[in-house]
Every structure is written in structure tokens, then in C-alpha cells.
Protein chains: 2
Amino acid sequence: MRILLTVAYRGSNYCGWQWQENGPSIQQELETALEKALGHFVRVTGASRTDAGVHALCQRAQFDTDARIPPERYPFVLNRFLPPDIRVTHGQQVEDDFHARFMADRKIYTYRIYNAPVASALHYDTTAHVPVRLDEKKMHDAVQCIVGTHDFAAFVASGGSQKTTVRTIYSAKVERNGALITFTVCGNAFLYNMVRIIAGTLIYIGQGKLPPECLLQALESGSRLDLGITAPAHGLELTHVGYREEYRILP
Amino acid sequence: MRILLTVAYRGSNYCGWQWQENGPSIQQELETALEKALGHFVRVTGASRTDAGVHALCQRAQFDTDARIPPERYPFVLNRFLPPDIRVTHGQQVEDDFHARFMADRKIYTYRIYNAPVASALHYDTTAHVPVRLDEKKMHDAVQCIVGTHDFAAFVASGGSQKTTVRTIYSAKVERNGALITFTVCGNAFLYNMVRIIAGTLIYIGQGKLPPECLLQALESGSRLDLGITAPAHGLELTHVGYREEYRILP
């Protein structure tokens, strides 16, 4: 049977989701825990290949097994073998042709900025520090132009291998709560580094280094040069991965 | 001149505020950074001796120096020499007879509980995990009896060396935001482990292990046995240390 897990993690101590030569990955920790629980190795497929330092509240991962573990027991079975900064929060059976990555049709990312003269000691590894005061209203207004279906060719790091750079953004918002500025974006899919490039551009817009129109201009020009920096990985969280209606959870 | 620093830290990697044999302390890190910045050693006095694993948003620490560093520059001077989980957020000159600990007349502590079947991966070291559903309304109502001036003799861990166990609590509240339950308490001073004993008792009350009246009963009996467990250190944060009106900040 095919099992879909929901996984949360603080990415600070890992070199990202995928297996890497240079350090432990989330996927590796999960496969090691599964091997201990199941008694045999299984390959896990994640919905999103998060980079080193990126966090997740709701990553998804699937694998196939003949083990007779009730799917809803997987959090309790696996968390015993996982470090405290990785937690399986949910387990369910899915149809055999389900695919955690290709069938995902909605992802939400959250980018957190700590906007105060001194960085946050308590949240130093989950927020990007910007000491210069940012205008969150200006950032929120500027980012609205990305909502809809657009060619995001300008919004991709070199090294991306996608067939098309057209993506649909359902919503985008920037909010402030004290020193914490939160950028939340929901779309059908995202290009490599796309959210971090938007976040870095919004930081530049918020401090007046770039005009608010630069996002619209980049959508038209397709040029990465119209945009700001790629914001640091540790401010980013994969907040949700959702699936289309026809995907049924099996009993 | 006497300098008062405001210090924030994530306590997870430290054996508490005070110098210890068994590992690095916040005080030690701060004194090491000051020695590098000033060129000579100074002893720092903290407002509160937080335990191992306890966090702070607004701890206070004072020291004396003849250095000609403008007091408001201390965050920038010291943070260069401090690890990212310790930040000096404010520096100011105070009168020579000021005392960070003895003159503090208001402290706020926050205790955070992650109330969900699976622990939080992102906040595993800043929240206490309680998998059983807690009744936060019952907890909030129960804790109101500690507001006012009372003898908190029942609410102290053995090893406390205070002359009196009478303390004044100005406010106490319990709130839920999704899975996060927050207990916030403001008082003139607190006994050793007092907040963690109240938090642990509230957790028992919230799951029905102890009756809501047990807090009132403990105030009357003075017996630690009427209360619940001492909640784990890593859920606790020293949120604020305040000083009486007559304390003047020098120019």
C-alpha cells in the first residue's frame, strides 16, 4: 500500500530535504527511521525539495510498504526514531497511483522577517534579520501584481530545470505583528528559489532600494536583473502542500 | 559609570544564567564578550538567575566600567562577540546605586505549551509538549486565585533561600491560539521554580488530574503536595523585568 506522511521540521541542522554528500538531510533521517520501524529500507518521495536551512510545517512524503501498521499510527511509530526537530504529524493511506509531488496543486510558503535594530535571539534561525525599518504596507501592495497566471521566468535561480516557467499564484500578503513581518504566498507550484527571490525583492521595496513596480516589470521583461536579492533560506517555511479534489484518502 | 543591558536569549544551549562548572552560561558568554569589547574583565549582575533551558526576551544585566562607549552602542559592540542565540537589545546608563536585581519590582514570565498529539518540530525547544487536550478556559479561571498578595510557601522548590515567601501577583492569564497555549504571569517577584510549579499545576488542572481549587488550597495549606509537577524548563521565558518609577535613566 502507498502511505502519505505529513512531516514538520526545523531545517537549521540539515542540508535540505534531499540526500546530500555534505551532511544529513530530512529525507535521510526519515528513511532511517522507516527502516528501523519497518525492518527494511524504503525510498521516500517528498512533495517539495526544500533547501538547506528551510523549514516545513506541512511537507508531504510518500512510500510503499506491505507493513501492517495502521496508517494513522505512523506518527507515533516513526517519531520514536526521529530527532526532535523532525516530526511526522500525520499518516494516511492513498491510492496506488497517487504521487506526492506531481499531484500537489497548492502550496503555501511563509517567509519571516525580523525587522528590528537587533536580530531575534529566540528566533534567529527561523527569521531573516532586516535592521532597516521596512514599509510593510508598500510591500503588501507591490506584491499583489504576482497574483494570477504569469510567466515567472525572471523569478528563477539558475540551475532550475523546469519545462515551463508559467505558474499561478492564488494569493500573496505581507503583514506586520510587532517586529515580525510575514510574507505568505499560495500558488499551484513554485520555481526554484522563487519565493526567496520575491521575498528579497520585497525587502528591497520595503526599504526603498527598488520601486514597487519592479515586480510587474520583471514579469514583463523576464529579467532576473529587475529584481532584488535572493532572501536567506532560514526565513522560509513550507507551510502547506495541498492536493486536488479527486485524490481520495483510502479507509 | 553603571550600565544596564537588556539581553534576549534562547536558553537551549546553556546551563542557565549563572556561571556553572558543567557548561557555558549566559553570564559567561556576556562577560567574555564584554572583556573583548572593553579590554578588561567586568563582573555582570543579572536581574534573574534563569535555569538551564529557560529563555529570555528581556533579561537585565548591569556592570560598572570607565569605558567611553556610548551606552546605546552596547548592542552593536557586544553582539559581534556573542553567539546568535544571545542578543543584547538595549544599553543605557543608570545611577551608581542602581541594582538590576534588588530594584526590579515587576517581572513577566511566559510559559508555552504545545497542545497537540504530536510535538512541535519547529518549536520543540521553546514549548512543553502536552498531547492530551487541555481545557484552557478552566486553567485561566483556576489561576485567577493567585492574583494579589499571598504567602506562596507551597509554590517553591526545595533549595530556595528566600527570607519570605510572600509575593504579589498583578495578573495571570491562560490563552489558546491553535495548538499553542500560553500562560502569562506578572508579579513583583517570584520564588525559585514558582512559575514552573504553577504551569505544571495548570497542566494537571487542564486535563482534569487535579481540581481547579487545588491552587487556592495550596495557598492556604502551604503544602507543595497540593500542587502538580514542576513543568519543564524549556517552556519558560522571562519576558520582562521592570523597575520602579524613581529609577532614572541618566543621559
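Bear in mind that the values here come from a model prediction, so they are computed numbers and not experimental data.

The rules behind the values
- Residues numbered from 1 in each chain as written.
- Chains lettered and ligands numbered in written order.
- Predicted model: local features only at pLDDT ≥ 70, side-chain atom pairs only at ≥ 80, totals over all residues.
- Heavy atoms only, no water.
- Contact = heavy atoms within 4.5 Å.
- Buried area = accessible area lost by both parts, 1.4 Å probe.
- Salt bridge = Lys/Arg side-chain N within 4 Å of Asp/Glu carboxyl O.
- Polar contact = N/O pair within 3.5 Å; in protein donor to acceptor, adjacent residues only side chain to side chain.
- Helix = DSSP H or I, 4+ residues; strand = E, 2+ residues; numbered from the N terminus.
- pLDDT = per-residue confidence, 0-100.
- Least-squares fit on C-alpha atoms with pLDDT ≥ 70 in both.
- Buried < 20%, exposed > 50% of the residue type's maximum accessible area, 1.4 Å probe, protein only.
- Arc of directions from axis to C-beta.

Some points on the interface of chain B and chain A
Taken together, the contacts link 26 residues of chain B with 26 residues of chain A. Buried surface at the junction of chain B and chain A, both sides included, amounts to about 1800 Å², of which 69% is carbon and sulfur. Its largest share of buried area at the contact with chain A, chain B owes to R10(B), V118(B) and L122(B), together 39% of the area lost on that side. Summed over the shared surface of chain B and chain A, the number is 2 salt bridges. Close ionic contact of D125(B) with R10(A) constitutes a salt bridge, the shortest N to O distance being 2.6 Å. Across the contact surface, chain B and chain A share 4 residue pairs in polar contact (both at pLDDT 80 or more). Of all elements in the fold, only β1 (2–9), β3 (55–64), α2 (74–79) and β4 (86–94) of chain B reach the threshold of two or more residues within the side of chain B that touches chain A. If you tally residues by element for the side of chain B that touches chain A, the top one is β4(B), at 4 residues.

Overview of the confidence of the model for chain A
Put simply, chain A has an average pLDDT of 94, and 96% of its residues get 70 or more. We note a pTM of 0.91 for the whole complex and an ipTM of 0.87 for its interfaces.

Quick word on the relation of the copies chain B and chain A
When chain B is fitted to chain A, the best match, at an RMSD of 0.0 Å, comes from turning it 180° and sliding it 0.0 Å along the axis. Such values leave the two copies arranged in the relation of a two-fold axis. Residue H123(B) of chain B places its C-alpha closer to the rotation axis than any other residue of that unit, at 4.8 Å. Both copies contact each other with a shared surface, as 100% of the interface residues of chain B are interface residues in chain A too.

A closer look at helix α5 (residues 214–221) of chain A
Residue and element names in this part refer to chain A. Listed as buried for α5 are C214, L215, A218 and L219. In a view along the axis of α5, the buried residues occupy a sector of 145°, so they form one face of it. Residues of α5 that are buried sit in contact with α3 (136–143), β7 (148–151) and α4 (194–206). Count one or two residues on from α5 and you reach G222, which has phi positive near 70°.

A short note on the pattern of salt bridges
The final tally for this structure, using the stated rule, is 18 salt bridges over all chains. For E237(B), the salt bridge goes to R112(B), with nearest N and O atoms at 3.1 Å. In this pair, E237(B) is assigned in strand β10 (residues 236–243) and R112(B) in strand β5 (residues 104–114), connecting sequence segments 125 residues apart. Of the residues examined, E237(B) reaches a relative accessible area of 5% and is grouped as buried. Several salt bridges share partner residues, and in doing so they unite R10(A), D125(A), R10(B) and D125(B) into one network.

So, helix α3 (residues 136–143) of chain B
Residue and element names in this part refer to chain B. All of the buried residues along α3 are M139, A142 and V143. Looking straight down α3, one finds that the buried residues subtend no more than 90° of arc, so they occupy a single side. Contacts made by the buried residues of α3 are with β5, β8 (166–177), β9 (180–187), α4 (194–206) and α5 (214–221). One side-chain oxygen at the N-terminal end of α3 lies 3.2 Å from the backbone nitrogen of K137; it belongs to D135.

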